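Structure at a glance
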Amino acid sequence: MHAVRNSFADDKWVLKKIDNLALCTSFDCDDGDLNDYFQNEAVLYRNELLTQTYYLHVVGYPSKAIALLDFCNDAVHIEQYKKDVELHPSKQVRHLPAVKLARFGVRKEYQRRSIGTYAINLVKRLFVTDNRTGCRLLIVDAYNKPEVLSFYKKNDFKPFTETPKGKVKPTSVLFFDLKRYVFST
């Protein structure tokens, strides 16, 4: 595995900060909302310093984005995570630094081939390698669709809050404690 400031690579794949947003224009993950975001809005969010887009490509083929991922910084109040996140008793913090996976899509012809899981694992490695940002949590605001929630739970994300019975929300906030990843590898 090889890491440089804004990318992470292994034998087959590269997760890299996108420098040419033209790679997004033909991206199709079979979700109209995500396609519209990556094709039309990602550049606007980047220009406002709100998000940064990364892409997954096969080593040697940097002109084809297999997956697109948008990240932004975040922080969560420690009280919300006390039962799930252990901190050293001497650490008195009120907020935990987090990176939010704001948008994530896999090109439709590559879906259901474990590429999404592979991309998530590269993301985890990217953020724990050399402790790039002092980031403790990886969070995602996932569509409340059974297949989406199942994907994140399969990748060890936990629900941030339980949705009250009878209340339907369009998304669910899930998190992964990156410290768990550091000590499990």
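Residues numbered from 1 in each chain as written. Predicted model: local features only at pLDDT ≥ 70, side-chain atom pairs only at ≥ 80, totals over all residues. Heavy atoms only, no water.

What to know about the overall build of the protein chain
We count it as follows: Each helix is a run of DSSP H or I of at least 4 residues and each strand a run of E of at least 2, with the numbering of both proceeding from the N terminus. Note on classification: 1.4 Å probe, protein chains only; a residue is buried when its accessible area is under 20% of the maximum for its type, exposed when over 50%, partly exposed between these limits. Throughout, a residue-residue contact means that at least one pair of heavy atoms, one from each residue, lies within 4.5 Å. Areas reported here follow the Shrake-Rupley algorithm with a probe of radius 1.4 Å; residue values treat only the protein chains shown as occluding.
Within the protein chain, the secondary structure is distributed over 4 helices and 9 strands. Listing every helix and strand of the protein chain by position from the N terminus yields β-β-β-α-β-β-β-α-β-α-β-β-α. Sorting the 185 residues of the protein chain into buried and exposed places 43% on the buried side. In the protein chain, the share of contacts with a sequence separation of at least 24, taken over all contacts with a separation of at least 6, comes to 67%. Summing over all exposed atoms, the protein chain offers an accessible surface of approximately 10,600 Å²; the carbon and sulfur share of this is 51%.

Side note on the pairing of strand β9 (residues 171-177)
Regular strands show a simple pattern: their side chains alternate between the two faces of the sheet. For the record, the criterion: If DSSP finds at least two bridges between two strands, the strands pair.
Most of β9 is tucked away, with 5 of its 7 residues classed as buried. The pairing of strand β7 (residues 137-143) with β9 spans 7 bridges and is classified as antiparallel. Bridging across to β9, Val140 finds its partner in Leu174. Two strands pair when backbone bridges link them, and strand β8 (residues 158-159) and β9 are joined in this way by 2 bridges, in the antiparallel orientation. Within β9, the position partnered with Pro159 by the bridge is Leu174.

So, the environment of Ala67
Checked against the element boundaries, Ala67 lands in strand β5 (residues 67-77). Looking at Ala67, the relative accessible area reads 0%, which means it is buried. The sequence separation of Ala67 and Cys29 amounts to 38 residues, and the corresponding C-alpha distance is 8.3 Å. With sequence-adjacent residues up to four places away left out, Ala67 is seen in contact with Phe27, Tyr54, Tyr55, Leu56, Phe104, Gly105 and Val106.

Notes on the environment of Arg107
By secondary structure assignment, the location of Arg107 is in the loop between β6 (95-106) and α2 (115-128). Placed 41 residues apart in sequence, Arg107 and Ile66 show a C-alpha to C-alpha distance of 5.4 Å. In this view, Arg107 contacts Ser26, Phe27, Asp28, Cys29, Lys64, Ala65 and Ile66; residues no more than four positions away in its chain are not counted.

Some details on the packing of aromatic side chains
Aromatic ring pairs are reported here in terms of the distance separating the ring centres and the angle at which the planes meet. Keep this limit in mind: Stacked, tilted and edge-to-face are the three classes assigned to paired rings of Phe, Tyr and Trp, where Trp is represented by its six-membered ring and a pair needs centres within 6.5 Å; plane angles under 30 degrees give stacked, over 60 edge-to-face, the rest tilted. Put simply, a charge is over a ring when the Lys NZ or the Arg CZ is close to the ring centre, within 6 Å, and near the line of the ring normal, within 35 degrees.
Scanning the entire structure with this criterion turns up 10 aromatic pairs. Residues Phe71 and Phe127 carry aromatic rings whose centres are separated by 5.4 Å and whose planes lie at 65° to one another, so their mutual orientation is edge-to-face. With Phe71 in strand β5 and Phe127 in helix α2, the pair connects residues that are 56 residues apart, well separated along the chain. Taking relative accessible area as the criterion, Phe71 reaches 5% and is therefore assigned buried. Here the aromatic cluster, defined as three or more aromatic residues joined through ring pairs, consists of Phe104, Phe151, Tyr152, Phe157 and Phe176. When the ring centre of Tyr37 is taken as origin, the NZ or CZ atom of Arg103, which lies over that ring, is 4.1 Å away. Against the face of Phe176 rests Lys124, its NZ or CZ located 3.9 Å from the ring centre.

Comments concerning the pattern of salt bridges
Put simply, the rule is: Salt-bridge detection follows one rule: a side-chain nitrogen of Lys or Arg within 4 Å of a carboxyl oxygen of Asp or Glu.
Under the counting rule described, the total for this entry stands at 3 salt bridges. Of the charged contacts in the structure, one is a salt bridge between Lys145 and Asp31, with a shortest N-O distance of 3.8 Å. In this pair, Lys145 sits in the loop between β7 and α3 (146-154) while Asp31 sits in the loop between β3 (13-17) and α1 (32-47), placing the two residues 114 residues apart along the sequence. A relative accessible area of 34% means that Lys145 is categorised as partly exposed. In this structure, Asp177 engages Arg136 in a salt bridge whose closest nitrogen and oxygen atoms are separated by 2.6 Å. Of the two residues, Asp177 sits in strand β9 while Arg136 sits in the loop between α2 and β7, which places them 41 residues apart along the sequence.

Concerning unusual backbone geometry
Not every positive phi belongs to a glycine, and Ser114 is a case in point at roughly 70°. Its identity is not glycine, yet Asp156 carries a phi of approximately 70°, on the positive side.

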